[in-house]
Amino acid sequence: MVLRNDTLVRNHDYEKGKAVGFDALLEAGIAVLVDAYGKPAVQCSCGNPLGTFEHDVDSADVTFQDNGKKWTAYDPEKVVKIEPVAEERPVTAYELVDIEDEDAGLERRAGTDGAQDIPLRNDPGADDRPRG
């Protein structure tokens, strides 16, 4: 999956033979592998395991490396985090957005290769997602 929003996560690095967790903000457009519950589990570009950001989004202290240069589309009002669900149930279908045409979306059943995708009824590009 590709993240649609800048997303707060608990990222991990490997230092001196141990996994070390740290809070991180992943930029929208980054590819991640998701687990059976639809939560980002691994960052594709580096293989780092991802976990839940344990703090409130509004209290996040975002600093940018690379001399403090923000990415051009960064908007603190659109930052999200993955919320745990009350009862963990595996995802049966994913609602996906075509990243080249945000008004086009599809439903893909979990475990399929896309051959049986069906179009979404509602506009997947609508910005009605709640902030986490």
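Each chain has its residues counted from 1, following the order in which its sequence is written. Predicted model: local features are reported for residues with pLDDT of at least 70 only, side-chain atom pairs are reported and counted for 80 or more only, and whole-chain, interface and lining totals are derived from all residues. Just so you know, side-chain values use all the structure's heavy atoms and leave hydrogens and water out.

**Brief notes about the overall build of the chain**
Strands are runs of DSSP state E lasting at least two residues, helices are runs of H or I lasting at least four, and both sets are numbered from the N terminus onward. The secondary structure content of the chain amounts to 1 helix and 9 strands. When its helices and strands are written in sequence order, the chain yields β-β-β-β-β-α-β-β-β-β. Each residue gets one of three labels from its accessible area relative to the maximum for its type: buried under 20%, exposed over 50%, partly exposed in between, using a 1.4 Å probe on protein chains only. Here the chain, with 132 residues, has 21% of them falling under the buried criterion. Contacts were defined at the residue level, with two residues in contact if any of their heavy atoms lie within 4.5 Å. When contacts within the chain are restricted to residue pairs at least 6 apart in sequence, those whose partners lie at least 24 apart make up 50%. Only the protein chains shown count as cover for residues, and all accessible areas are computed by the Shrake-Rupley method using a 1.4 Å probe. Counting only carbon and sulfur atoms, one obtains 47% of the accessible surface of the chain, whose full area is about 9,400 Å².

**Some points on the layout of surface pockets**
Both cavities and pockets are sets of points on a 1 Å grid over the protein atoms alone; in a cavity a 1.4 Å probe fits but cannot get out, in a pocket the set is open with protein on both sides within 12 Å along at least five of seven lines, and lining residues sit with an atom within 4 Å of a point. Grid points are joined across faces, edges and corners, and a volume is the space filled by probe spheres set on the points. In this structure, the second largest pocket spans a volume of roughly 590 Å³. Lining the second largest pocket are 24 residues; nearest its centre among them are Leu-25, Thr-63, Phe-64, Gln-65 and Trp-71. Among the secondary structure elements, those contributing two or more residues to the lining of the second largest pocket are β1 (7-15), β2 (18-26) and α1 (65-68). Only Asp, Glu, Lys and Arg are considered charged in this grouping, and only Ala, Val, Leu, Ile, Met, Phe, Trp, Tyr, Cys and Pro are considered nonpolar; every other residue, Gly among them, is considered polar. For the lining of the second largest pocket, a count of residues per class yields 12 nonpolar, 6 polar and 6 charged.

**Examining the packing of aromatic side chains**
Two rings from Phe, Tyr or Trp (for Trp, the six-membered ring) form a pair when their centres sit within 6.5 Å of each other. Planes less than 30 degrees apart are called stacked, planes more than 60 degrees apart edge-to-face, and all others tilted. What the rule picks out here adds up to 1 aromatic pair. Note on Trp-71 and Tyr-74: the rings are 6.1 Å apart at their centroids and 85 degrees apart in plane angle, and the pair reads as edge-to-face. As far as the burial class goes, Trp-71 and Tyr-74 line up, both buried.

**What to know about the side chain of Lys-81**
If you trace the backbone, Lys-81 turns up in strand β6 (residues 80-81). According to the relative accessible area criterion, Lys-81 is buried, its value standing at 16%. Within the local environment of Lys-81, its side chain forms a polar contact with the backbone oxygen of His-55, the two atoms lying 2.8 Å apart. A 3.5 Å cut-off defines polar contacts: any pair of N or O atoms within that distance qualifies, except that in protein one atom must be a possible hydrogen donor and the other a possible acceptor, and neighbouring residues in sequence count only when both atoms are side-chain atoms.

**Digging into the confidence of the model for the chain**
Confidence of the predictor at the level of single residues is captured by pLDDT, which takes values from 0 to 100. Looking at the chain, the pLDDT average stands at 82 and 88% of residues meet or exceed 70. Predicted confidence in the chain is weakest over α1, with a mean pLDDT of 66, and strongest over β6, with 92.

**Quick look at the nonpolar core**
Counting 8 residues, the largest nonpolar core is built from Leu-8, Leu-25, Phe-53, Val-57, Phe-64, Trp-71, Tyr-74 and Val-79. Not counting residues up to four positions away in its chain, the partners in contact with Trp-71 are Asp-6, Leu-25, Leu-26, Glu-27 and Phe-64. Formed by 6 residues, the second largest nonpolar core is a distinct cluster that contains Leu-3, Ala-24, Leu-26 and Val-32. Joining through side-chain atoms within 4.5 Å is the link that ties buried Ala, Val, Leu, Ile, Met, Phe, Trp, Tyr and Cys residues into a set, and such a set is a nonpolar core.

**A closer look at the sheet that holds strand β7 (residues 93-98)**
Adjacent strands of a sheet form backbone hydrogen bonds with each other and so pair up, either parallel or antiparallel. Following DSSP output, two strands are said to pair if at least two bridges run between them. The 3 strands are arranged β7-β8-β9 in an open sheet whose pairing can be described as antiparallel. The two strands at the open ends of the sheet, each matched to only one other strand, are β7 and β9 (118-119). Of the strand pairs in this sheet, β7 and strand β8 (residues 101-109) are connected by 6 bridges, and their pairing is antiparallel. Note that in β8 the partner of Tyr-94 across the bridge is Arg-108.

**Examining the side chain of Asn-11**
Looking at where Asn-11 falls in the secondary structure, it is placed in strand β1. Reaching out from Asn-11, the side chain makes a polar contact with the side chain of Gln-43 at a distance of 3.3 Å. In this structure the side chain of Asn-11 is engaged in a polar contact, spanning 3.3 Å, whose partner is the side chain of Asn-48. Non-local contacts of Asn-11, meaning those with residues more than four positions away in its chain, are made with Val-20, Gly-21, Phe-22, Ala-24, Leu-26, Gln-43, Asn-48, Pro-49 and Leu-50.

**Some words on unusual backbone geometry**
One non-glycine residue, Lys-16, lies in the positive phi region at around 50 degrees. Within the secondary structure, Lys-16 is located in the loop between β1 and β2.

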